[in-house]
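Breakdown of the fold
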Amino acid sequence: MPDRSFLAWPFFDDRHRALADRLDAWCADNLPVDHHDVDAACRTLVKKLGKDGWLRPTAIDPDDPSPLDVRTLCLTRETLARHDGLADFAFAMQGLGTGAISLFGTAEHQHWLTRTRAGEAIAAFALSEPRSGSDVANMDMAARREGDGYMLSGEKTWISNGGIADFYVTFARTGEAPGAKGISAFLVPADANGLQIAERLDVIAPHPLARLSFEDVRVPASAIIGKPGDGFRIAMSVLDVFRSTVGAAALGFARRALDESVKRATERQLFGAPMAELQMVQGHIADMALDVDAAALLVYRAAWTKDMGAPRVTREAAMAKLFATDRAQDVIDRAVQLHGGDGVRRGHIVESLYREIRALRIYEGASDVQKVIIARQTIA
Ligand SMILES: Cc1cc2nc3c(=O)[nH]c(=O)nc-3n(C[C@H](O)[C@H](O)[C@H](O)COP(=O)(O)OP(=O)(O)OC[C@H]3O[C@@H](n4cnc5c(N)ncnc54)[C@H](O)[C@@H]3O)c2cc1C
């Protein structure tokens, strides 16, 4: 039984506690789904999560807008990740892919939110390019003004939901100024002429992922989200909300690894006694429990700070993401160790957690980039 004591922390309201309990019960009944075909699995997950109302917090309600509740996003990601990494992915991308629309979209853009919140449309966030992952401001993709619209040309890569998304929130250079100040955000439907899936990408914890090619993709001027030249600021505002949630997903993986390790240590007999009586095993368990609690404190501190109205939580979110993802990697590694041969057996839960956690230390700002952010904020 996972530790639930953190739910008593003052970061949460009773509605958060009730949500965590209801979602946990839902996950026990509905997850994991079959991962054999990841496209089909993600489509099923989005539909299921949408039908039962779990996707509503991923975006604002266009008919009754109120700010995104980051604690709900984090609790949901933590809970889903504890049960099934792909379910967490499906949930997270509905949020990341619509974040710019929730925060800066027009009523016309926000029509999509009714569908993504219901699980009837799939969203994607297309920022990274072959030459510019960490160095976002160095992007090449161009959007040139043509008549009453824009023409987009270039490439995006590592795009989650690439291949199954119904639309891509796409960042491109419009040239108002050099670097970060000359980028804009566009809402591009997946069926736009000239938009192709150039390559599907296979990674160690598979999910729909692709390189996209844009060849003279024409969009109307109304496809622009926010103001021309504001794209970098929009992308950073979206990451400011969702970065803490990556920490929350890592926390869910780590909590599952700890639970599995406690079960193993109490059930397995070694040298005539339960493994849990070996002091070095206890040392691992203590380190894991400490990392899990410390990560939870940082994740929910960042989420609570944002929900209390802080305009930006760049420092808090960077700390939460860096610590929770790095420590989860270590917690899961210890879980693999405590499981012996079973820990590296394909299909075992700790083996899949070992693969699931790795990319979280790279995407939405690699760990090294989070350190740069924390150092800059601290020195300033
Ligand atoms: C599974 C997965 C899913 C993804 N999904 C999406 C998505 O949906 N949408 C999207 O737009 N992108 C997505 N990405 C892309 C992701 O955001 C980039 O991979 C990431 O930003 C790193 O960029 P890069 O791969 O180009 O590596 P690089 O930018 O080349 O960086 C390589 C390494 O250099 C180091 N480094 C970088 N900058 C610094 C620095 N300032 N100081 C010190 N060290 C540094 C880090 O160790 C980093 O890992 C995804 C990536 C993965 C792996």
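Everything below is about the structure shown above.
To keep things clear, this report deals only with the structure shown in the data block. Everything numeric here is computed off the predicted structure, so don't read it as measured data. (Residues numbered from 1 in each chain as written. Predicted model: local features only at pLDDT ≥ 70, side-chain atom pairs only at ≥ 80, totals over all residues. Heavy atoms only, no water.)

**Considerations on the side chain of Arg-4**
Note that Arg-4 resides in the segment before helix H1 (14–30). Polar side-chain contacts of Arg-4 include one of 3.5 Å to the backbone oxygen of Ala-20. Here Asp-21 takes part through its side chain, which lies 3.3 Å from a polar atom of the side chain of Arg-4. When residues no more than four places from it in sequence are discounted, the contact partners of Arg-4 are Ala-20, Asp-21, Asp-24 and Arg-82. (Helix = DSSP H or I, 4+ residues; strand = E, 2+ residues; numbered from the N terminus. Polar contact = N/O pair within 3.5 Å; in protein donor to acceptor, adjacent residues only side chain to side chain. Contact = heavy atoms within 4.5 Å.)

**A closer look at the pattern of salt bridges**
Opposite charge on two side chains permits them to pair, given that their charged atoms come into close proximity. A complete count under the given rule lists 32 salt bridges for this structure. Across the pair Arg-255 and Glu-78 runs a salt bridge whose closest N-O atoms are separated by 2.4 Å. Placement of Arg-255 in helix H7 (residues 231–267) and of Glu-78 in helix H3 (residues 70–83) is noted, with a sequence separation of 177 residues between them. The buried category is assigned to Arg-255, whose relative accessible area is 2%. Between Arg-264 and Asp-342 there is a salt bridge whose closest N-O contact spans 3.0 Å. (Salt bridge = Lys/Arg side-chain N within 4 Å of Asp/Glu carboxyl O. Buried < 20%, exposed > 50% of the residue type's maximum accessible area, 1.4 Å probe, protein only.)

**Quick word on the site of the ligand**
In the region of the ligand, 19 residues are neighbours, and Phe-125, Ser-128, Ser-134, Trp-158 and Asp-368 sit closest. Within the contact set of the ligand, a nitrogen atom lies 2.9 Å away from a side-chain nitrogen or oxygen of Ser-160. Every element with two or more residues in the shell around the ligand is listed here: strand E3 (149–160) and helix H11 (367–379). Partitioning the shell around the ligand into residue classes produces twelve nonpolar, five polar and two charged. (Near = heavy atom within 4 Å. Nonpolar A, V, L, I, M, F, W, Y, C, P; charged D, E, K, R; others polar.)

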